[in-house]
Amino acid sequence: MRKMKHLSSIANDVVLRCSQELGLTIDEVVEEFEHQWKPGAEGTYSKKFVEFCNSKVVTRVCDQNLPERIKDGSFTRLTFDMMLAWQQPDANDNESHQEAVGKESEDKRIQGTLSPEQDDISLFYSDIMPLLADHEPSVGEDAFVYLASIIPLHVDVINGRYTFETLTAPTGHQLHFPAYDMFVKEILKCMKHLQKQATPKGVELADDEIILHVEGTMASQRVVRHIKETSWPGRVTLTNYGLYFEAAGIINYEDALKIDLTKDGASSAKPISTGPWGAPLFDKAIVYESPDFEDGIVLEFPEMTSSTRRDHWLMLVKEITLMHQFLQKYNVQAPSQAWEVHSRTILGIIRLHAAREMLRISPPDPKKFLIFSLFEEVPKGDFVLEELAEISLKVGSTKSPGSASSILRSMNMDQLGSIIKEEGEAKMGKETDHKEEMLASLESAVNQTREEGMEIEKAKATTTELEEEGITESVAVLMELMRPLQDALPWFQEVLYWERPSRTISVLAITILIVYKEWVGKGIAACLIWLVVKMAQNRQKKVHTKKEDPVTVSTESDQTVTESIVSAQYGLIRLHQLMQHINITIMKLRSIYTSKATKHANMVMASMLALASFFAVVPFKLVIIFGTLYCFVMTSSVGKRMSNDQSNRRMKEWWDSIPIVPVRVLDSSSK
């Protein structure tokens, strides 16, 4: 057996097995590789050679009995070693591997970094941890995603990094063979389970329609449909085109009701609470609203504690809906291209089922396995979907071994019907020379999305403590944050009330000059420049500080509990009085507008005509100048002597004399 000195031990082993799979000698494989290899290309010779061998053998593996190879473990062992060889292709990588093994043996176990929501590690990882404490090497994120680019069974390249984070969070973000082997075998089990599901009664599924999830059967948890005050248990089935509900009869199920998820527009699915006699007590249902259903379709997924089942179904329905919106938005009309997008979605849902089976105690976040639901929410996810659309339209060869549809075909999804036969007879689409560039562009968009997502998560983490505070603390924080404005208030009072006449005259003169010369835009520009200068000064002051000082807020009060309760009660009374005054003001204005108070309406109309004539003749800048002068003069000593309390009294009496339209409050029972 020939060994290549420039390759690592694991890379040599993988190359040997690849040559055996292909029925070639290592020399023949090397000759074929060097015939097409371009020196100076990105990546080392060793890594490019490993990639060449992996891609060559993938076609052979997929064309063979793939389910059987997954069962006996040969597929997972080979592909796991492919990831290791890609991760450590060069001979000098052996030393770094030995160091990692030594460190692992000293630790005796792998320390996983757990987030607060992952404190309850699933039974799967609890049972598998002893197996992970051996000398077996582990696979990193890059290698995990690389394998998806040539055989996307375990993950899709577009959301592979998110899936890897979720699967490996309890094991320090390193994937070990026992976990990988079990995950792939669970994917196979889920596929076989879905193939055994019965077609909804009275429904003929399309040739490319696949059952993706079923609940409400004897072997699963029940599902209930609510129609006004009645409830009907039954079976609900999700496909890549719709949602079907079959009401349970005495012996068999009734004909299925179809909810079409391909329609874009007014249709929507959202969570809803249900309960006896329509009382919203249990938050465990979804409602699908559509013009086709007047009252909507309400389906409840009962469970004892949380609403995990409901959230799971809601996410699956959303994923199918978003997939069809994606096809319509980017005008994906070719059957092979549309089927490739369907296949990506189908495999994503199957992977989610497999992960939920593995992580039963702590179910994973469904979005990390679903493409469209994930990138609908993450920042700049629309850029990633645009890249996906470009790849689907230009590189979407469904017969390629690296396509999602070829994986479904290799896994013997028999219910695909005629589309598989047609596709098997069709010519393979022409692969473009820019495929690698497009995948690199997609990877760049995904990385940018992840980086911005992490920044947003860090920013949100800083607001968590503030959002959890009570009303008292929130008010105290608000008052503390408004302190700069409070400190500036005395300055404005000094200017407005002529406490420093020189300053008041200066402000008045500058204001009149700006308005008269129509320098308002320049004045706003000067204010913005002044603000930028202040921000730069603050940044300069804090350059050498290691940590920003937190905002200090004191919530101490001399009030007793009883005094606090009484104070809160008076606050509510004042709020109620304010609402009453607002209602009365609006009703008085309504009376004037409808001329219920004829005398008052005539006076208002005459005043409005006079003001209209005034504004039509006098330039608006003069109006602003006169208004500014009036405000400053009335707050001066001269204005105070000129003020007439009698006119204010007459105005109040005039306002109080306006009658309002009667208001009648009806209870819902009296309608």
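Quantities reported herein were computed from a predicted structural model and do not represent experimental measurements.

A. Quick look at the pattern of salt bridges. For the structure shown, the criterion picks out 28 salt bridges. Across the pair Asp81 and Arg77 runs a salt bridge whose closest N-O atoms are separated by 3.0 Å. Here Asp81 pairs with Arg77, and both are found in helix α5 (residues 74-87), just four residues apart, close to one helical turn. Among the residues examined, Arg77 registers a relative accessible area of 24% and is labelled partly exposed. The shortest N-O distance in the salt bridge between Asp311 and Arg310 comes to 2.9 Å. A residue is classified by how much of its surface remains accessible, and Arg310, at 3% relative accessible area, is buried.

B. Highlighting the nonpolar core. Phe49, Phe75, Leu153, Phe372 and Phe375 are the most contacted members of the largest nonpolar core, which totals 116 residues. The element contributing the most residues to this core is helix α12 (residues 335-358), with eleven residues. Dropping the residues within four chain positions of it, Phe372 is found in contact with Glu319, Leu322, Met323, Phe326, Val341, Thr345, Leu385 and Leu388. Listed in part, the five residues of the second largest apolar core include Leu205, Ile211, Val214 and Ala256.

C. Summary view of the packing of aromatic side chains. Inspection of the entire model under this criterion finds 13 aromatic pairs. A ring pair is formed by Phe33 and Phe49, whose centres lie 5.3 Å apart and whose planes are at 65 degrees; its orientation type is edge-to-face. Of this pair, Phe33 sits in helix α2 (residues 26-36) while Phe49 sits in helix α3 (residues 45-63), and the two are 16 residues apart along the sequence. Each member of the pair, Phe33 as well as Phe49, is classed as buried. Through a chain of ring-to-ring contacts, three or more aromatic side chains come together here, namely Phe33, Tyr45, Phe49 and Phe52. For the cation-ring pair, Arg77 lies above Phe177, with the distance from its terminal atom to the ring centre recorded as 4.1 Å. Above the face of the Tyr162 ring, Arg450 is positioned so that its terminal group lies 5.9 Å from the ring centre.

D. Quick peek at the packing of helix α11 (residues 308-329) against α12. Put simply, α11 and α12 touch, their axes get as near as 10 Å, and they point 165 degrees apart. Considering their axes alone, α11 and α12 lie roughly antiparallel with respect to each other. The handedness of the crossing between α11 and α12 comes out as right-handed. Counting all contacts with α11, which are made through Thr308, His312, Leu316, Glu319, Ile320, Met323, His324, Phe326 and Leu327, the residues of α12 involved are Ala338, Val341, His342, Thr345, Ile349, Leu352, His353 and Arg356. In terms of residue class, the contact of α11 with α12 is made up of nine nonpolar, six polar and two charged.

Reading the values: rules and limits
Residues numbered from 1 in each chain as written. Predicted model: local features only at pLDDT ≥ 70, side-chain atom pairs only at ≥ 80, totals over all residues. Heavy atoms only, no water. Salt bridge = Lys/Arg side-chain N within 4 Å of Asp/Glu carboxyl O. Helix = DSSP H or I, 4+ residues; strand = E, 2+ residues; numbered from the N terminus. Buried < 20%, exposed > 50% of the residue type's maximum accessible area, 1.4 Å probe, protein only. Core = buried A, V, L, I, M, F, W, Y, C linked by side-chain atoms within 4.5 Å. Contact = heavy atoms within 4.5 Å. Phe/Tyr/Trp six-rings, centres within 6.5 Å; stacked < 30°, edge-to-face > 60°. Lys NZ or Arg CZ within 6 Å of the ring centre and 35° of its normal. Axes fitted to C-alpha atoms, helices over the stretch in contact; angles between N-to-C directions. Parallel < 35°, antiparallel > 145°, perpendicular 65-115°, else oblique. Left-handed = near helix turned anticlockwise from the far one by under 90°. Nonpolar A, V, L, I, M, F, W, Y, C, P; charged D, E, K, R; others polar.

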